Structures are given as structure tokens and as C-alpha cells.
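Structural overview for review
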Amino acid sequence: MRQRSLCSRRRFLAIGVSTAGAAALAACQPPPAPTVPAPTPQVVEKVVTQVVEREKVVEKPVVVTATPPPAFKGAATVWTFPQTQDDVASIWTPLAERMKKRYPELDVKTEVLPWAGRREKMMAAFASGEPPDAAYVNTDTLSLFGSNDVLQDLTPLVPKEVWDDYPEGVVKTGLSWKGKRLMIPTLVIITGRLANQELLSAAGWDPEKPPTTWPDVLKLGAQAKEKGYFLTSWTLSDWGSWVRTVWQAGGTVYSDDLTKVQLDQSAAEEALNFMVELFQKGYVPREGAVGSEQEAAAVTAVDYFVTDKQVLSADSNPNVVDTVHAQAPKMKYTILPPLKGKEQVTGASAGCWGIFNKSKNPAAAARWINFVVEPENQGFYCSAGGFAPPRQSANTYWTAQPDLKKFVTLQLPFTRINQDMNYFWQEGKTTSTPYFQAAVLGKSSVKQALADAKRDLQKQVDAFWAKQKQ
Amino acid sequence: MAGRVETPASAIVRSRSRWRSLRTCWTWYLFVAPSLILFLVFTLFIWAFMIYLSFQDWSLIGPRAFVGLGNYRELLANEHFWSAFRVTLVYTLIFVGPVAAISLLVAALVNQRLPLIGVFRSAYFLPVVTSISVIALVWRFILIPRAEGPLNYLIGWLGLPPQEWLIDTSLALPSVTGMQIWATAGYYMILWLAGLQSVPEELHEAARIDGAGRWAVFWRVTLPMLRPTTIFVVIIATIGALQMFGAVFLLTGGGPVRATTTVVYYVWQSAFMTYRMGFGAAASIVLFVVILIVALLQRRFLGWTEDIY
């Protein structure tokens, strides 16, 4: 028997179409214009912070700004990438609890995404018009995101005294694109090396005076090889290692104005000769010559060092200290300052927060960013993640283990951030690695390899600037 | 003969009949709709968008600019693209034959009624369901370029000197191919196994009664009966080989000195490392055309016809 329906088909369709139309209209309506907070410092307190500045420790009073309390309602989505084994438990849950006390009605969803393809994920989300409100961004994306207007200028969204609390070099060179500060640092990644004291002794080297110059390192390499050890490990596709080596040779990869690739200069030649010598004389594992940065590093960078087959660790971020403590707890090691060619220098890059230009909740995102870069929260974040806090006043709250602090403070006076670290990073790496491989494997001369790399890379740099002029 | 004349009445009748058929079969359309929509959105639209992109200059996030055939012209004049093309063809040649033969051999071995045969089948299939990242990490260890590397240790027993498997420009591609054969043979084994089990036992029996030995039975009865499977395996393996990416990405990063840079790896580098989406799309289209031609040639020369079964 046919039952009478509650709603005729025609009526059902009419209601359905009307509802869908109304929903579509509602969806097309632009979101309400965001009101950007004008953070007015209310609490000012003096904290005496030890700040390491260029080989001297200075006691400096620092102004700490607390963001104004509640009365802010909003929601935001933030993308971040893992810094620990479990970021949610060790970083984001505690920070969310702190934030809840300050802003009970600010609802921030922190999504921890895998590192692989992080740029592509952000670019795709931005291109689709649905990016998160804010994200963790490395300074290596500065030229890409800056030239495509992906991120908002944070200058008016973050109080001046907060900017003033960052080292000048970091803010000046690392975060700006055409005068806009697109990123605010949350951590600094500084690289350095450890030396295995037992292996130094076994190789006939005074463990109290580990090598710090290129000639010393090569000399140690010969001695270590004789005893069956690797000197260190090196990944040819690690652009950061290349950049730092060129600096140590007294040059830069790009000109200051970023228009010229300087791989034809003597510093680049010396740097590549140094790398070629390390590989061809067998001082470093040969497998570092091929493979993507991460995969090569997974096999070569840590394993041989923690298994007592390699005298010096690879040029690594401070997490190498934790790795050694976890995997080779009995190892006695010395923390080395950066190597010296013509110059003794290492590099740093900054992990930052940025707000997307297509963010639907920029006010909430700005509020959240101001919260997480507060000294106490930044100190907590960097302690949990094993990094150095870039804000000077955050040092007070930086509770990293002593060796990790020592690692960072030892490198800091020699640390440089410049155009090489922040611009054309992917392009440089992708273009140059095959030519570096050719030189290291004896398939071409150092000069030829550098000339070829320069030709290809310059073409891309020229195309980039040509597009900028259009 | 006069053509059929469309009258208004017949048109109405036809239209009514279509409407009736739609009313009768709407559930069928409903069931087909999800996969049709998925196909339209995730295959057809993307494919059409890729063709459109290949005529554009685009960094994924900036404005798009029409460049006509510019990307194609640049691509065909680009030595690195041709190098990647050569590598891809060589890889395809040294992958397809061996993987088909090895997987057939394994399938023949596990096509027995023996105790615990399921364990062997699972073991051979295991690499197929293992993450390529894990496989690559293990193989980087196996291929350590010194005497203590597992593979070098093994060939040392044969009196051969240690090899720099992934570092030597002439050995890198065969090494990647070896890993890929190991990783995928299990999949083809399943296809062969299905083929082998569909061959009627009566044919084998008849051949044996006629005095054929094991080898003759396999060569003269089993293999001809496996023709449809053979064609399918060869075409699928060829298409897979021409699209090689994962193992290269994880094992060698396209090196050393571009010795393992395949076309798809080159596409990925162009699109996502140097942010040239249009150029990458053009390279993809060229690869698609090549795959299409190769597949059509295989279809023709291997005799893929409707009556193959």
C-alpha cells in the first residue's frame, strides 16, 4: 500500500533548492572585516637578561610587554611543523592552557603537519584561497612568499617594543621583503659541531684543543682516516652547509642586492675545493654525495658519529646534543666553535610565525602570535623544541639543558644571517647539487662545475627579477 | 535506401522513452554518480587544468601569464629534460623485462599446493605493502659503498671488489632499478598467479598424457595461455616505469650528476623546487604523449584485441 508522504516531491525539491540557494548566498557573503588589535602595553616590568652579543655577555634591562587581558573573542587556525616527538603534548597543550587563562574566548586550532612538502602545502592552500590564518614559516621562503604577496606585514600588528627586543641582525636581514616585516621569529637555528674526545685521542689529536681551522680539519681527517674513522659527514645537497663554507672562505653566494650569483668568485672555488678534498680523500662517507638532504642525513649525519665511527659530528643544529645524549650517553664530547677558513663564521636561520594575506581571522591570528612570542612563551617553546629563543628577554625563560645552551652561546658570536640564508634557497640547492656532485666525483673540474652552476642559477635569478619588474 | 525520417511524433515518443528509462534506472545512475563525480573532479578536471597550465607561466601562488608554446619550446631545447628523458627510457628498458620475468618465476614457484605456501606468497608480497620510505632507507644501508656494506660484503664472497652502488654514475640507475624490481615484483606476482590459476588443468593433463615434460608444458601450454596477463603486466609495468619517481626521490635525489633524474622527478623539481608550474605541466604533457604512444605500440605489437580472452 502506498503511503501518503509528508512532503510531496515537488515541494521537497522546492524547499531543497531554496535552502541550497540561501546557503550559497550566505557562503558568498564576505566575512566581516577583521579588526586588527592595537596592542597597548599595560604591564611593563624589568627583567635582567643575560644576552650574548658578539663574544661578550652583557647584562641588559629588557622591557617585557604583556598583551592586554581578555575581552577578545575570535578563532584562528595555525599550521605548524613538528619540533619534538610529540608537539601536541609537549608544546601546544601547555601553551593552549596558558592562553585559555589569558583569552578565554580565543579559540586557536593548532595543526601539526609533517615537514615534507611544507612549502607546497602552504602554497597550495594559499592558491586555493583557503590558507590557515597563520603558520610557522622558515626564512627560506621569504623571497617566494614576499614576491607573491602571501604574508601580511606584521609591523603594525606587533608592538614596537617587541620588535626592539629582537637582535637587530635577525630583524633587519632575515624577515623583511621590500620594507615589510612578513615574519616574526620564534626560534633561531644555529649550526655547529661536536667532537668525540675519545676518537680525537685515538687519532692522535689533543682532545683539549679540537680543530677549528680548515687546515687543521684536513690534517685531522688524514689522521682519523689512518685509524679507520671518518672525520665528519657532509651532505652535498645541504645548501646551508655550502653557504656556510663559502662564508668561511670569505665570500657570499649572492651579491648584497640579490641580483648576481657569485659562484665564479674565488671564495666559492675555495669552498668547493675544500668539499672535494673531504670527499675524494675519503674523510667523509661517500654516500653523502647523493640523496636528498633528509635521506642522506638520516644515514650519514648522525649514525656514524653516535656509533663511534666519526670524529666530528656533521654541521648540525643544536638537537645534535640531545641526539648524542639519547643514542650515545657515554660519549665524552667537546662542543666546537664554527670552522675557520678566512673567516670563522656559521649561519643561522629563523623559524617564524606569519599571517597569510587571505586569512579570514587576521585579528585572532595576530593576537595569538603576540601571545606565543611573549618572552615566557617563547622561552618555553624553544626549551621544549631544543632551539634558541631569538627574543633577548626570552633567555630568562629558556630552560634548555646546559650543553645545549653552551652549544648555542658558543656559536652565537660567530653567527651570521644574510641574503644567502633567506633567498633563492630551493633554487640554489636544486640547481647546484648535480654540479657539486660532478666535481666531487671527478666528472668535472671545480671551476667548470661552478661555472655551470652559476650559469643555470643566474638564469633563474634573472627570470625572477624580470618578473618582479613586470 | 532512404534514411529514417524524424517526425515530431517519433521525436516525442523517443523523448518519452528516454524519460521512462531515466525514471526506471535512476538508482543505477545514483550508484555510478560518486565514482563519476570523483573521476570528473580528480582526473578529468585536473588533466584539463594541466593542459591549460602548460601554456602559462605560474609559480603556484602568483598571477598566471599566458606564454603560448613558450614552455614547450624551452622544454624541447632543455638539455636536462632530454637527459631525464634518456634516463627514463633506459630505466624502462632495464626494468620491465626483468620484473616481468622474475615475478612470473616467483608466481610459478608459489603456484603449488604445498603446506605454508600462503606464507611464501605473503612474504613475496610484503614489499608491495611496505612504505617506499622504509624500503629506501633499508636499501641505502644495503648499498653502502664500502666493503662493510651488506651487498658489497656478499659480492666480496664472489671475489668482486666493493662497488659504489648509488654514487657511481654508471651503477646508480641499475641499483635503483634493482630496488624497484624487489619492491614491485610481488604486485606482478599476484597478477601472474591469477593468470596461472585460470589456465585449465585439463590442458596440462592433456599435454602430459601426450608426453610433454614440465618445461614443454610450461613453454607450450601455460605461457601461451598467459598471453592476456603478459600483455597486461608489460603495459602496466611500462607505464609505471615511465612514471618512476618515489625510489629516485628517496634514494638518490636524482643524482649522482642527474644519472637517475627521471622525467617525473624533473617535473617535480621544476614545479615544486623552482616553482615553475607551467613548465612542469608542459613536461608532464610530453610524458603523457610518450606513454600514450608506447602503450599504443605495445597494444598493437603484442596483439591486444577484443578477442584476447
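Check the entry above for the structure.
Residues numbered from 1 in each chain as written. Chains lettered and ligands numbered in written order. Predicted model: local features only at pLDDT ≥ 70, side-chain atom pairs only at ≥ 80, totals over all residues. Heavy atoms only, no water.

Right, let's get into the interface of chain A and chain B. On the side of chain B, 32 residues touch chain A, which itself brings 37 residues to the contact. Summed over both partners, the interface of chain A with chain B comes to about 2,800 Å²; 61% of that surface belongs to carbon and sulfur atoms. The salt bridge involving A:Arg286 is made with B:Glu164; its shortest N-O contact spans 2.8 Å. Linking chain A with chain B are 10 residue pairs in polar contact (both at pLDDT 80 or more), by the criterion used here. Among the secondary structure elements, those contributing two or more residues to the side of chain A that touches chain B are α3 (118-127), α4 (142-147), α11 (293-300), α18 (425-440) and α19 (446-469) of chain A. Here the residues of the side of chain A that touches chain B sort into 18 nonpolar, 8 polar and 11 charged. (Contact = heavy atoms within 4.5 Å. Buried area = accessible area lost by both parts, 1.4 Å probe. Salt bridge = Lys/Arg side-chain N within 4 Å of Asp/Glu carboxyl O. Polar contact = N/O pair within 3.5 Å; in protein donor to acceptor, adjacent residues only side chain to side chain. Helix = DSSP H or I, 4+ residues; strand = E, 2+ residues; numbered from the N terminus. Nonpolar A, V, L, I, M, F, W, Y, C, P; charged D, E, K, R; others polar.)

Turning next to the pairing of strand β11 (residues 346-355) of chain A. The two faces of the sheet receive side chains in turn, since in a regular strand these alternate between them. Residues and elements named next belong to chain A. Judged by how many residues are buried, β11 sits mostly within the fold: 10 of 10 residues are covered. Where burial is concerned, the two faces of β11 agree: the one with Thr346, Ala348, Ala350, Cys352 and Gly354 and the one with Gly347, Ser349, Gly351, Trp353 and Ile355 are both buried. Taken together, the 5 bridges between strand β5 (residues 134-138) and β11 define a ladder with antiparallel strand orientation. Bridged to Val137 within β11 is Cys352. By the bridge criterion, 6 bridges tie strand β8 (residues 184-190) to β11 in an arrangement that is antiparallel. By the bridge assignment for β11, Ile189 is matched with Ser349. Direction of pairing for β11 relative to strand β12 (residues 415-416): parallel, over a ladder of 2 bridges. From the neighbouring strand, Thr346 faces β12, where its bridge partner is Thr415. (Buried < 20%, exposed > 50% of the residue type's maximum accessible area, 1.4 Å probe, protein only. Pairing = 2+ DSSP bridges.)

Our next topic: the side chain of A:Ser349. Residue and element names in this part refer to chain A. By the secondary structure assignment, Ser349 is in strand β11. In this structure Ser349 comes out as buried when scored by relative accessible area, which is 17%. Among all residues touching Ser349, those that are not within four sequence positions of it are Thr139, Leu187, Val188, Ile189 and Met421.

Nothing here speaks to function; it is geometry throughout.
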